[in-house]
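Analysis of the macromolecular model
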Amino acid sequence: MFIRNRGYRHVLLPCIVLMTGGGSVDRVDAKEAKDVGVEVRFEQQGKPVEFGGRAGGQGVEITRLDFLMSGLALKRTDGTWLESSGWYACFRGSEGRCHALLEGVPAQAYTGVRFVVGVDEAGEKADVNRWPATHALNPVVNGLHWGWQGGFIYAALEGHYTKSDGAVGGFSYHLAGEKQRMTVELEGALDLTRGGTVELVFDVEKVLGGVRPAEFGEATHSREGDAKAGVLRGRMEKAFSLAGVAAEVWQEPAVAGVGEPARPKGTSYLMHISSRMPKVSLPADNVPTREGVELGRRLFTDTRLSRTGMQSCASCHQQGAGFADAGKKFSLGVDGLPGKRNAMALSNLAWQPEFFWDGRVKRLRDQVLVPVQDPLEMHETLERVVEKLSADQTEAARFERVFGPGGVTGARVGLALEQFLLTLVSQDSRFDQALLGRVKLTPVEQRGLELFITEHDPARNLRGADCFHCHGGALFSSQGFANNGLDASPEAGRQAVTGQEADRGKFRVPSLRNVAVTGPYMHDGRFSTLEDVIDHYDHGVQRTATLDPNLSKHPVAGLGLTAADKAALAAFLRTLTDDAFLKPAAAAASTLSLSKP
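Report on the accompanying structure. No experiment lies behind these values; they were computed from the predicted model shown.

Here the focus is the overall build of the protein chain. Assigned secondary structure in the protein chain consists of 20 helices and 20 strands. Taking the contacts inside the protein chain whose residues are at least 6 apart along the sequence as the reference set, 72% of them involve residues at least 24 apart.

Shown next as structure tokens:
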């Protein structure tokens, strides 16, 4: 009974998007029902946790504290409980204060709150790819799904610590599985007669206080007999407290467009997206149409976007190379000058929240215009691009058919290219076909998959390649940024965007789809082959203060992969090649099912 979320509502705040799921409810008079927020504040010794800063007085640095919550209930004054059904939320500590929303709460006083850290059985067994693009259980939103193995990580606590010899180590504490699902019950007066926000505090000190990873262990896996996971579970249950009720329910800010409004006109473009892929969200003001996609495709190969008329987007993003620049460490611009970054492969961009290696641009329509104007790339101005395209009456007419009166503008060039790029969906590799039972992986490829999804923790006799932490799931990318240990003195990377020292050396985690054809690799193109990349992760990782914890927890000597292990891992990575996507017809027939705007 109780708390029904009408459809799927989310609260969009500066910190993060959080989703709540549907549910059932007793019939409550609308005048008696209120919306109630749920807030979790991450604190330590009464102050907000500084993610990327020292914690606990033990030389410990927290970089991640994420968890899923479900089954929230409110205790009535008579001692009975008002239960939610199908309610989920995802909280991300590194994003600051995080919020979720309950709708239709009976307006009255309560005496306590209860919730589960974890996912109930129904949510655990559901097809993860069914969830809407902003739902808490969507793997792109929470980053806590195990991928093809199924199930969720309920809580993830990661970071760095200083070893006795001064070196930097990493820890990765993950809680998952029925035995690690925890129920938290807190007593306290909650006056919700006018709604408000239930404020919870999570005290990190109660979890990590006194924990020295070098002695306690650097990882938990929630496997059978993992006593350390049980210890952390007990600590985490006691880390929550009830701060009270805030008068406000934090609003969802309106989304304002930048530049001219451009609701596309024309025939809906049918995208066939496999149900194995996470739910996707398209921009409401630029849903692809047949006419818009075709215009964008033409612009992608149009050399008039460059100053010399000799270069197009496709010059550095060839389809046969997964829309990367085949074999080139750095692409050459129209003036013969090399760029500063390896040209990224282009696929599954509809799921990507930021663009470029450092994530400095949030919208695809804005990203596509940067290379046009970059002196090291196409070295043209938008004004001249508009002039050249407007002088072509046929081309100008195409713009009006897609966007209506107004002709060619710089913003519309970006919108058309965005429509085309949103349709570049790669989802039909040999590995995908194996998941569908159409083909069978060879024993070597299967061994590579096992290495890919197995953690490396010799203390527990786990000897894998540990790839899935950053490259798991259907997208083969965490969609985040990470320092993968390329250099002892890393360049700024993501830090240049955020200004945070904790982001130094971090670059986008690229998808591994089509990785066999998109080399060379890394943001600076330093590795020519997959074997070079595997060697780096096996024994070449440089340890620095911002190294990803899932790498810094590995032995200093490396993974110790055998030659056969490396060959198997490379063989598996080659199964991620999507031959249909690499053919010109793939872009025209790009697939996945979103019907009308």
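With that out of the way, let us pick up the pattern of salt bridges. One pass over the full model with this rule turns up 42 salt bridges. In this structure, Glu83 and Arg114 form a salt bridge, with 2.4 Å as the shortest nitrogen-oxygen distance. Remark: Arg114 occurs in strand 10 (residues 109–117) and Glu83 occurs in strand 7 (residues 81–83); sequence separation between them is 31 residues. In this structure Arg114 comes out as buried when scored by relative accessible area, which is 18%. The partner of Arg365 in a salt bridge is Asp285, with the nearest N and O atoms 2.8 Å apart. Of this pair, Arg365 sits in helix 8 (residues 364–367) while Asp285 is found in the loop between strand 16 (240–246) and helix 6 (290–300), placing the two residues 80 residues apart along the sequence. Judged by its relative accessible area of 27%, Asp285 is partly exposed. What emerges from the salt-bridge pattern is a single network uniting Glu39, Arg41, Glu43 and Glu199.

This part covers unusual backbone geometry. With an omega of 5°, the peptide bond between Gly519 and Pro520 qualifies as cis. Among the structural elements, Pro520 can be located in the loop between strand 20 (507–508) and helix 17 (530–540). Phi at Asn348 takes a positive value of approximately 55°, unusual for a residue other than glycine. The topology assignment puts Asn348 in the loop between helix 7 (313–316) and helix 8. In this structure, Asn514 takes a positive phi of about 65° despite not being glycine. You can see Asn514 is positioned in the loop between strand 20 and helix 17. Using a relative accessible area of 1% as the deciding quantity, one classes Asn514 as buried.

Another point: helix 11 (residues 393–403). Structural remark: α-helix, 3.6 residues per turn; residues separated by three or four positions point the same way. Turning to helix 11, its buried residues number three or more, namely Glu395, Ala396, Phe399, Val402 and Phe403. Buried residues along helix 11 cover an arc of 120° about the axis, so they all sit on one side. Those residues of helix 11 that are exposed and angled more than 90 degrees off the buried face are Gln393 and Arg401. On its buried face, helix 11 sits against helix 6, helix 10 (382–390) and helix 12 (410–422). Downstream of helix 11 by one or two residues, Gly404 has phi in the positive range, about 90°.

Here we come to the side chain of Glu395. For Glu395, the position within the fold is in helix 11. Using a relative accessible area of 0% as the deciding quantity, one classes Glu395 as buried.

Our next topic: the packing of helix 11 against helix 12. Two elements in contact, helix 11 and helix 12, have axes whose closest approach is 11 Å; the angle formed by their N-to-C orientations is 70°. When the axes of helix 11 and helix 12 are compared, the pair comes out roughly perpendicular. Here Phe399, Val402 and Phe403 of helix 11 lie close against helix 12, whose contacting residues are Arg412, Val413, Leu415, Ala416 and Gln419. Grouping the constituent residues of the contact of helix 11 with helix 12 by class yields six nonpolar, one polar and one charged.

Grouped together as the largest cluster of nonpolar side chains are 50 residues, with contacts concentrated most on Phe67, Phe91, Phe115, Leu200, Phe202 and Met236. Per element, the largest residue contribution to this core is seven residues, and it comes from strand 6 (residues 60–75). What Phe115 contacts, discounting residues up to four positions off in sequence, is Met69, Ser70, Gly71, Leu72, Met182, Thr183, Val184, Leu186, Leu200 and Phe240. Core analysis: the next-biggest nonpolar cluster, separate from the first, contains 46 residues, Met271, Met277, Leu369 and Leu382 among them.

The next thing to look at is the environment of Val517. Note on placement: Val517 falls in the loop between strand 20 and helix 17. The class for Val517 is partly exposed, based on a relative accessible area of 27%. Along the primary structure Val517 and Phe323 are separated by 194 residues, whereas in three dimensions their C-alpha atoms are 9.4 Å apart. Leave out the neighbours within four places in its chain, and Val517 touches Gly320, Ala321, Gly322, Thr577 and Leu582.

The next thing to look at is the packing of aromatic side chains. Evaluated as defined, the whole model comprises 19 aromatic pairs. With a centroid separation of 5.6 Å and an interplanar angle of 90°, the aromatic rings of Phe67 and Phe240 are classed as edge-to-face. Within this pair, whereas Phe67 is found in strand 6, its partner Phe240 is found in strand 16, the two being separated by 173 residues in sequence. For the pair Phe431 and Phe572, a centre-to-centre distance of 5.4 Å together with 90° between the ring planes defines the contact as edge-to-face. Within this pair, whereas Phe431 is found in helix 13 (residues 430–435), its partner Phe572 is found in helix 19 (residues 563–574), the two being separated by 141 residues in sequence. Take Phe572: its relative accessible area is 0%, and that puts it in the buried class. Among the aromatic residues, ring-to-ring pairing joins Phe42, Phe51, Phe67, Phe91, Phe115, Phe202 and Phe240 into one connected group. In this structure, Arg114 is placed above the aromatic ring of Trp81, and the distance from its NZ or CZ to the ring centre is 4.3 Å. We note Lys228 situated over the ring of Phe216; from NZ or CZ to the ring centre the distance is 6.0 Å.

Reading guide: rules and limits
Residues numbered from 1 in each chain as written. Predicted model: local features only at pLDDT ≥ 70, side-chain atom pairs only at ≥ 80, totals over all residues. Heavy atoms only, no water. Helix = DSSP H or I, 4+ residues; strand = E, 2+ residues; numbered from the N terminus. Contact = heavy atoms within 4.5 Å. Salt bridge = Lys/Arg side-chain N within 4 Å of Asp/Glu carboxyl O. Buried < 20%, exposed > 50% of the residue type's maximum accessible area, 1.4 Å probe, protein only. Arc of directions from axis to C-beta. Axes fitted to C-alpha atoms, helices over the stretch in contact; angles between N-to-C directions. Parallel < 35°, antiparallel > 145°, perpendicular 65-115°, else oblique. Nonpolar A, V, L, I, M, F, W, Y, C, P; charged D, E, K, R; others polar. Core = buried A, V, L, I, M, F, W, Y, C linked by side-chain atoms within 4.5 Å. Phe/Tyr/Trp six-rings, centres within 6.5 Å; stacked < 30°, edge-to-face > 60°. Lys NZ or Arg CZ within 6 Å of the ring centre and 35° of its normal.

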